[in-house]
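Here is what each chain is made of, one letter per residue.
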Amino acid sequence: MASVSELYDVGWEEMRDKLRKWREDNSRNSEQIVDVGEELISDHASKLGDDVWIIYEQVMIAALDCSRDDLALTCLQELRKQFPDSHRVKRLTGMRLEALERYDEANKHYDAILEDDPTNTAARKRKISILKAQGKNGEAIRELNEYLEQFVGDQEAWHELSELYINEHDYGKAAFCLEELMMTNPHNHLYCEQYAEVKYTQGGLENLELSRKYFSQALRLNNRNMRALFGLYMSASHIAASPKVSAKVKKDNIKYAAWAANQINRAYKVSICKQHSDILKTTSFT
Amino acid sequence: MPIQLTSQAYCKMLLHTAKYPHCAVNGLLIAEKSKEKKKDGHGVPVLCVDCVPLFHGTLALAPMLEVALTLIDTWCKENNYIIAGYYQANERKKDSKPNQVAEKVAARITENFSEAAIVMVDNSRLTVSCSEPIVVIYDHHENKWRNREVTMGSFEDWSEAQKITSALLVGRSYENLIDFDNHLDDLRNDWTNPVINKSVLDLC
């Protein structure tokens, strides 16, 4: 089996930089991380300097995702040797227990961290993840709400909560979480677009109009967001088709929908995806 | 009319599941439109020749699902296909029951195809060797979705499906599988998956 460096003709610096990029993007491409990281650690650990510890952590978590307990344990042991009393490493120990489905032991680990340091957010979030893994969505939602009362600025937590609510079909509460995120991240087109999707799913004329406005806002923030463009088309079309709207509202929305359809067609033409641009001509879109 | 899966349909479903192990995934099952109206349609299986992977992650939002259904429906009409079913693999390993999303989408499909089926992937039995079929098929009877025993007869050719799926999983072909979400991220991504389809054909 050829090594990563042979297959892709890369040196150890490129591999290290790739791992850093994946850390910064928070991508969950665990198989790739394991492939690149394992080789980097075994062949070039001495060259990595202090970076090696964060790489051990990153590779360990990816290894858990890929059921590579051997690799995970190796990384964990190196980290334990270097940072014997660290809560951060204790959390990794807990995560390994979670991966082995030893949830009671994992919870004990996290409880021990929290006794020592009640403000340790990582341990609290892992406990909530365990509830989610066990299918206890109701409890996970309760705990996450309590957590957010204390740590109101934790955006990752607000986003997780919005997803939990969406999975429970509680779209009103999911919208509330996304509103929090939009307030603190007014330039993030993804939050706008997701909020619009939730409103659309909730249904009803008022929510459809809100959804159209937020799809438009998402487009203003990023005019290449295809979901926002499609969403604008769909919401405007539905509003125009509603028997409850005035003639003016109907006319305006037909205009918006037509504009969106035009933009969609242009986007497809530019994308060389010929097959699909032909389909659009025959779809009820235009 | 029970559904039957071709190797291409089965393997793309599993590739989609394998590509996003930490997410729920879903997609549509595609059958060829039958030309003759059979008098007694019962007992003749509906052959699902292909599937279109739809989304990964959050499945319970409406707008992109509606877009996908519309576009794929048009594509089907142009190719004499029909949307005949829906597949889903849940987020958690031990959870393989159809949920509200599955039932809603399947109900929508049933409006155009009365024998629509739900195919759930049993994540806990997903292996690279594919030694046994890991799908659970649900039919709509008397207002309820009931699961039916999956046998070799649920496949056009089980041993071919097994061989191809296993080979593509080992070769990590799922890294190149395109779902509708990928298409929305970059329109150049082709959700008909011509590359994977060719790999399947080459292995037949």
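The residue numbers shown here count from 1 along each chain, following its written sequence. Whichever chain is written first becomes A and whichever ligand is written first becomes 1, with later ones labelled in order. Per-residue local features of the predicted model are confined to residues with pLDDT of at least 70, and side-chain atom pairs are confined, for both listing and counting, to 80 or more; whole-chain, interface and lining totals are unaffected and use all residues. Based on all heavy atoms of the structure, the side-chain values leave hydrogens and waters out of the count.

Draft legend 1. Structural context of the overall build of chain B. Each helix is a run of H or I in the DSSP string that is no shorter than four residues. Each strand is a run of E no shorter than two, and both are numbered from the N terminus. Scanning chain B from N- to C-terminus turns up six helices and seven strands. Listing the helices and strands of chain B from first to last along the sequence gives β-α-β-β-α-β-α-β-β-β-α-α-α. C-alpha atoms define the radius of gyration, and 2.2 Å times the number of residues to the power 0.38 defines the globule rule. Relative to the compact-globule value of 17 Å for 204 residues, chain B shows a C-alpha radius of gyration of 16 Å, a close match. For chain B, the spread of C-alpha atoms along the three principal axes comes to 45 × 40 × 35 Å. Contacts are assigned to residue pairs with any non-hydrogen atoms lying within 4.5 Å of each other. A separation threshold of at least 6 residues defines the contact pool for chain B, and within that pool the share at least 24 residues apart is 71%.

Draft legend 2. Geometry of the UniProt feature "repeat: TPR" (unreviewed entry) in chain A. UniProt positions are given in the numbering used here, feature names are shortened, and annotations may be inferred rather than shown by experiment. Under the present numbering, the feature "repeat: TPR" (unreviewed entry) in UniProt falls on residues 155-188 of chain A. Between the C-alpha atoms that bound residues 155-188 of chain A there is a distance of 12 Å. The span itself is 79% helix and 0% strand.

Draft legend 3. The packing of aromatic side chains, seen in detail. Residue and element names in this part refer to chain A. Classification of ring pairs uses Phe, Tyr and Trp, with its six-membered ring standing for Trp, and accepts pairs whose centres are within 6.5 Å; under 30 degrees between planes counts as stacked, over 60 as edge-to-face, and the remaining range as tilted. Under the definition given, this model contains 13 aromatic pairs over all chains. Measuring from ring centre to ring centre gives 4.7 Å for Tyr 195 and Tyr 214, while their planes differ by 75°; the resulting arrangement is edge-to-face. Linking Tyr 195 in helix α12 (residues 189-202) with Tyr 214 in helix α13 (residues 205-221), this pair joins segments that are 19 residues apart in sequence. For every residue, the accessible area obtained with a 1.4 Å probe (protein chains only) is divided by the maximum for its type, and the residue is called buried under 20%, exposed over 50%, and partly exposed between those limits. Classification of Tyr 195 by relative accessible area gives buried; the value is 4%. Judged by its relative accessible area of 26%, Tyr 214 falls in the partly exposed class.

Draft legend 4. Broad picture of the pattern of salt bridges. Salt bridge, as used here: a side-chain nitrogen of Lys or Arg that lies within 4 Å of a carboxyl oxygen of Asp or Glu. This structure, assessed with the given rule, holds 33 salt bridges over all chains. Measuring nitrogen to oxygen at the nearest pair gives 2.9 Å for the salt bridge that ties A:Arg227 to B:Asp185. Taken together, the residues span two chains, with A:Arg227 in helix α14 (residues 226-241) and B:Asp185 in helix α5 (residues 180-185). Residue A:Arg227 is classed as buried on the basis of its relative accessible area, which comes to 14%. Judged by its relative accessible area of 55%, B:Asp185 falls in the exposed class. Salt bridges linked by common partners bring A:Glu31, A:Asp35, B:Arg172 and B:Glu175 together as one network.

Draft legend 5. Geometry of the environment of A:Val198. Looking at the element boundaries, A:Val198 is found in helix α12. Residues A:Val198 and A:Glu149 lie 49 residues apart in sequence; the distance between their C-alpha atoms is 23 Å. Residues within four places of A:Val198 in sequence aside, it is in contact with A:Ile166, A:Tyr171, A:Ala174, A:Ala175, A:Leu178 and B:Leu61.

Draft legend 6. Geometry of the packing of α13(A) against α14(A). Residues and elements named next belong to chain A. Here α13 crosses α14 at 150°, and the two axes come no closer than 8 Å. Taken as axis vectors, α13 and α14 run roughly antiparallel relative to one another. Of the two elements, α13 crosses α14, and the hand of that crossing is left-handed. In this structure, α13 uses Leu 205, Leu 208, Glu 209, Ser 211, Arg 212, Phe 215, Ser 216, Ala 218 and Leu 219 to contact α14, whose residues at the interface are Arg 227, Ala 228, Leu 229, Gly 231, Leu 232, Ser 235, Ala 236, His 238 and Ile 239. Axis definition: a line fit to C-alpha positions, over the contact stretch in the case of helices; interaxial angles, taken between N-to-C directions, run 0 to 180 degrees. By the definition adopted for this analysis, an angle is roughly parallel if under 35 degrees, roughly antiparallel if over 145, roughly perpendicular if from 65 to 115, and oblique otherwise. Each crossing gets its handedness from the near helix: less than a right angle anticlockwise from the far helix is left-handed, clockwise is right-handed.

Draft legend 7. Main features of the pairing of strand β7 (residues 144-148) of chain B. Residues and elements named next belong to chain B. Pairing geometry for strand β6 (residues 135-141) and β7, over five bridges, is antiparallel. Within β7, the residue paired with Asp 139 across the bridge is Arg 146. Here a strand pair is declared whenever DSSP counts at least two bridges between the two strands. Joining the antiparallel neighbours β6 and β7 is a turn of two residues, in which Glu 142 adopts a positive phi near 50°.

Draft legend 8. Just the side chain of B:His183, in detail. By the secondary structure assignment, B:His183 is in helix α5. The class for B:His183 is buried, based on a relative accessible area of 0%. Pairs of N or O atoms within 3.5 Å make up the polar contacts considered here, provided that, within protein, one atom can donate a hydrogen while the other can accept it, and that residues adjacent in sequence are counted only when both atoms are side-chain atoms. At a separation of 2.7 Å, a polar atom in the side chain of B:His183 contacts the side chain of A:Tyr268.

Draft legend 9. Just helix α6 (residues 194-203) of chain B, in detail. Residue and element names in this part refer to chain B. Among all positions in α6, only Ile 196, Asn 197 and Val 200 are buried. Looking straight down α6, one finds its buried side chains confined to an arc of 105°; they lie on one side. Facing away from the buried side of α6 by over 90 degrees, the exposed positions are Val 195, Lys 198, Leu 201 and Asp 202. As used here, the arc belongs to the directions running from the helix axis to the C-beta atoms.

Draft legend 10. Highlighting the packing of helix α6 (residues 87-99) of chain A against helix α7 (residues 103-116) of chain A. Residues and elements named next belong to chain A. Running from amino to carboxyl end, α6 crosses α7 at an angle of 165°, the nearest separation of the two axes being 7 Å. Classed by the angle they form, the pair α6 and α7 counts as roughly antiparallel. Like other packed secondary-structure pairs, α6 and α7 cross with a definite hand, here left-handed. Across from His 87, Lys 90, Arg 91, Thr 93, Gly 94, Met 95, Leu 97 and Glu 98 in α6, the residues of α7 making contact are Tyr 103, Glu 105, Ala 106, His 109, Tyr 110, Ile 113 and Asp 116. Residue polarity is assigned by list, with Asp, Glu, Lys and Arg as charged and Ala, Val, Leu, Ile, Met, Phe, Trp, Tyr, Cys and Pro as nonpolar; anything else, Gly included, falls into the polar class. Tallied by class, residues from the contact of α6 with α7 come to six nonpolar, four polar and five charged.

Draft legend 11. Molecular detail of the interface of chain A and chain B. Listed by partner, the interface residues are 36 residues for chain A and 32 residues for chain B. Joining chain A to chain B, the criterion identifies seven salt bridges. Linking chain A with chain B are twelve residue pairs in polar contact (both at pLDDT 80 or more), by the criterion used here. Of all the secondary-structure elements, those providing two or more residues to the side of chain A that touches chain B are α3 (30-44), α8 (121-133), α10 (155-167), α12, α14, α15 (247-270) and α16 (274-282) of chain A.

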